[in-house]
Amino acid sequence: MSARMEADLHTHTTASDGTQRPAANVQMAFEAGLGAIAITDHDTVSGVAEALTAGLKLGIEVVPGVEISTVACGQDIHVLGYYIQIDDTQFLQRLASLRETRDTRNNMIVDRLQQLGLDVTMAEVLREVENIKRKGDTVGRPHIAAVLLKKGYVSSISEAFDRYLGSGAAAYANPPRIEPATAIEWIHDAGGKAVLAHPGIYHDDALVDTITQQGLDGIEVYHSDHTPEDEAKYLLLAQRTGLLITAGSDFHGERGGVVFHAPIGSKRIGIDVLQSLQLGRSSVHEKDS
């Protein structure tokens, strides 16, 4: 594909658990030769406006996005929303309710860390991010991990998740959340398209099949944590069900010299998918990575 004809449709910023301002993500997309980038922060759209301004200056299309946290069959499931109306009052209220649940989860995790004998408080976590957070932003597990690293309880962010914060780890907590079907409905109500994020990490294809029947518009076939086998499997699923095919790096920035999950542009899709995300479904889109 020629220059500026590809998009990375999954990136995070300081508005959630990324380490870079939204404008910096757009700059990196420009440097990576992309024509478009989506800002898909967890349960918030507070970083989108800054990114849109940067995109106008650089000639990069910025896709207004969000990644909504849900639970199904006892595990976290993430649903990406694209081209939602970021000033929709009802949608913003709904996202605020999700952030309250996220705050509850953070407190539960910190309580469990304290029960394990680790001297960590939510006040310390909030101080860690006070200079980068704005109204409507979210605080998540990576920020707790940063405090664990700073205090010497772990030697890396990855270790923090492996030992304490990841699914099944010692301090893991997962309070009741909305189901994927609800997130899909909310995204549609806000004028957007709903795409299942990184299905390969769920290790439950029966559940993935169920979600595809709940009004979903697309599947993130190409993701930094997917194997080639995952990509082939979900490509076939998308083609069989007539769902849109998307790709995203899931870039979260750099912590401790390590990029999470992968650099912007490492997974990309033809920019023509953007028209389909705005107008309707399409069964096949070619990936070029």
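Trainee: Even after reading the chapter, I still don't get the pairing of strand β2 (residues 36-39), so can you show me in this structure?
Mentor: Regular strands place their side chains on alternate faces of the sheet. Here β2 shows a buried face lined by A36 and A38 and a second buried face lined by I37 and I39. In this fold, strand β1 (residues 6-8) hands off to helix α1 (residues 22-31), which returns the chain to β2; that crossover is right-handed. Sheet topology places β2 next to strand β3 (residues 61-72); 4 bridges connect them, and they run parallel. Its bridge partner lying in β3, A38 is registered against V63.

Trainee: Before we go on, may I ask you to explain the confidence of the model for the protein chain in this structure?
Mentor: It should be kept in mind that the predicted coordinates are not to be read in detail where pLDDT is low. Within the protein chain, residue pLDDT values average 92, and 95% of them lie at 70 or more. Segment residues 280-289 is flagged for pLDDT under 50; beyond a separation of four residues in sequence, or across chains, it makes 41 contacts in the model.

Trainee: What should I look at first to understand the pairing of strand β5 (residues 193-196) in this one?
Mentor: By the alternation rule, side chains of β5 split into K193 and V195 and A194 and L196, which are all buried. When strand β4 (residues 75-82) meets β5, the two strands line up antiparallel, connected through 4 bridges. Opposite L80, over in β5, you have V195 as the bridge partner. Of the strand pairs in this sheet, β5 and strand β6 (residues 218-223) are connected by 2 bridges, and their pairing is parallel. Considered in β6, the bridge of L196 is made with I219. A crossover connection joins β5 to the parallel β6 through helix α8 (residues 205-212); in handedness this β-α-β unit is right-handed.

Trainee: Sorry, what's going on with helix α7 (residues 180-189) here?
Mentor: Along an α-helix, residues three or four apart share an orientation, since each turn contains 3.6 residues. Listing the buried residues of α7 in full gives P180, A183, I184, W186 and I187. Down the axis, α7 shows its buried residues gathered within 160° of arc, on one side only. The inward-facing, buried residues of α7 contact β3, β4, α3 (89-115), β5 and α8. One or two positions beyond α7, positive phi appears at G191, with a value near 85°.

Trainee: How do you make sense of unusual backbone geometry when you look at a structure like this?
Mentor: Most peptide bonds take the trans form, and the phi angle of most residues other than glycine is negative. Phi is positive for D43, which is not a glycine, with a value near 60°. Position of D43 relative to the elements: it lies in the loop between β2 and α2 (48-58). Phi is positive for Y83, which is not a glycine, with a value near 60°. Summarising the element assignment, Y83 is placed in the loop between β4 and α3.

Trainee: Would you take a moment to explain the sheet that holds strand β10 (residues 269-270) for this structure?
Mentor: Strand pairing in a sheet relies on backbone hydrogen bonds, with the paired strands running either antiparallel or parallel. Spatial ordering of the open sheet is given by β7-β6-β5-β4-β3-β2-β1-β10, a layout of 8 strands whose pairing is mixed. Sheet topology places β7 (244-248) and β10 at the edges, where each strand pairs with a single neighbour. Each of β3, β4, β5 and β6 touches α8; the most contacted strand, β4, lies at about 35° to it. Relative to β6, helix α9 (residues 228-241) is tilted by about 160°, and along the sheet it contacts β6 and β7.

Trainee: Would you mind showing me how to read the layout of surface pockets here?
Mentor: Left-over empty space is what a probe sized like a water molecule reveals as it rolls over the atoms. Size it by volume and the largest pocket reaches roughly 940 Å³. Lining of the largest pocket is provided by 33 residues; of these, R141, F161, G166, I201 and H261 occupy positions nearest its centre. Residue assignment for the lining of the largest pocket shows that the elements contributing at least two residues are β3, β4, α3, α5 (141-150) and α6 (157-165). It is α6 that contributes the most residues to the lining of the largest pocket, 4 residues altogether. Its residues placed into classes, the lining of the largest pocket shows 8 nonpolar, 14 polar and 11 charged.

Trainee: I would appreciate a short explanation of the nonpolar core in the present structure.
Mentor: As a rule of thumb, soluble globular proteins bury nonpolar side chains together. Ranked by internal contacts, the top residues of the largest apolar core, which has 60 residues, are L9, I68, Y82, F91, L274 and L277. In terms of residue count, β3 provides more of this core than any other element does, 5 residues in total. Residue contacts for L277: discarding those within four places in its chain leaves L9, Y82, Y83, K193, V195 and L244. Counting residues in each nonpolar core, the second largest holds 20 residues, with V147, L148, A171 and A173 among its members.

Trainee: Even after reading the chapter, I still don't get the pattern of salt bridges, so can you show me in this structure?
Mentor: When their charged atoms lie close together, side chains carrying opposite charge are able to pair. Taken as a whole and judged by the stated rule, the model has 13 salt bridges. The shortest N-O distance in the salt bridge between R94 and D189 comes to 3.1 Å. Of this pair, R94 sits in helix α3 while D189 sits in helix α7, placing them 95 residues apart in sequence. A cluster of three or more residues bridged by salt bridges with shared partners is formed by R21, E50 and R134.

Calculation rules
For every chain, the first residue of the written sequence is number 1, and numbering continues from 1 along that sequence. Local features in this predicted model are restricted to residues of pLDDT 70 or higher, and side-chain atom pairs are both shown and tallied only at a pLDDT of 80 or more, whereas totals for entire chains, interfaces and linings draw on every residue. Each side-chain value is worked out from all heavy atoms of the structure, with water and hydrogens disregarded. Each residue is placed in one exposure class: buried if its accessible area under a 1.4 Å probe, protein chains only, is under 20% of its type's maximum, exposed if it is over 50%, and partly exposed if it falls in between. Helical segments are the DSSP runs of H or I of at least four residues, strand segments are the runs of E of at least two, and each set is numbered from the N terminus. Here, the term right-handed applies to a crossover whose path from the first strand over the helix to the second runs clockwise when the strands point away from the viewer. Strands qualify as paired when DSSP identifies two bridges or more between them. The pLDDT score gives, residue by residue, the confidence of the prediction method on a 0 to 100 scale. Pairs of residues are marked as contacts when any of their non-hydrogen atoms sit within 4.5 Å. In this context, the arc is that of the directions from the helix axis out to the C-beta atoms. Think of each axis as a best-fit line through the C-alpha atoms, taken over the contacting stretch in the case of a helix, with angles from 0 to 180 degrees between the N-to-C directions. Whether a set of points on the 1 Å grid over the protein atoms alone is a cavity depends on a 1.4 Å probe fitting there but being unable to get out, while an open set qualifies as a pocket with protein on both sides within 12 Å along at least five of seven lines; lining residues are those with an atom within 4 Å of a point. Grid points are joined across faces, edges and corners, and a volume is the space filled by probe spheres set on the points. In this classification, the charged set is Asp, Glu, Lys and Arg, the nonpolar set is Ala, Val, Leu, Ile, Met, Phe, Trp, Tyr, Cys and Pro, and all remaining amino acids, among them Gly, are polar. Residue types Ala, Val, Leu, Ile, Met, Phe, Trp, Tyr and Cys, when buried and joined through side-chain atoms within 4.5 Å, form a set referred to as a nonpolar core. Within this document, salt bridges are pairs made up of a side-chain nitrogen of Lys or Arg and a carboxyl oxygen of Asp or Glu, the two lying within 4 Å of each other.

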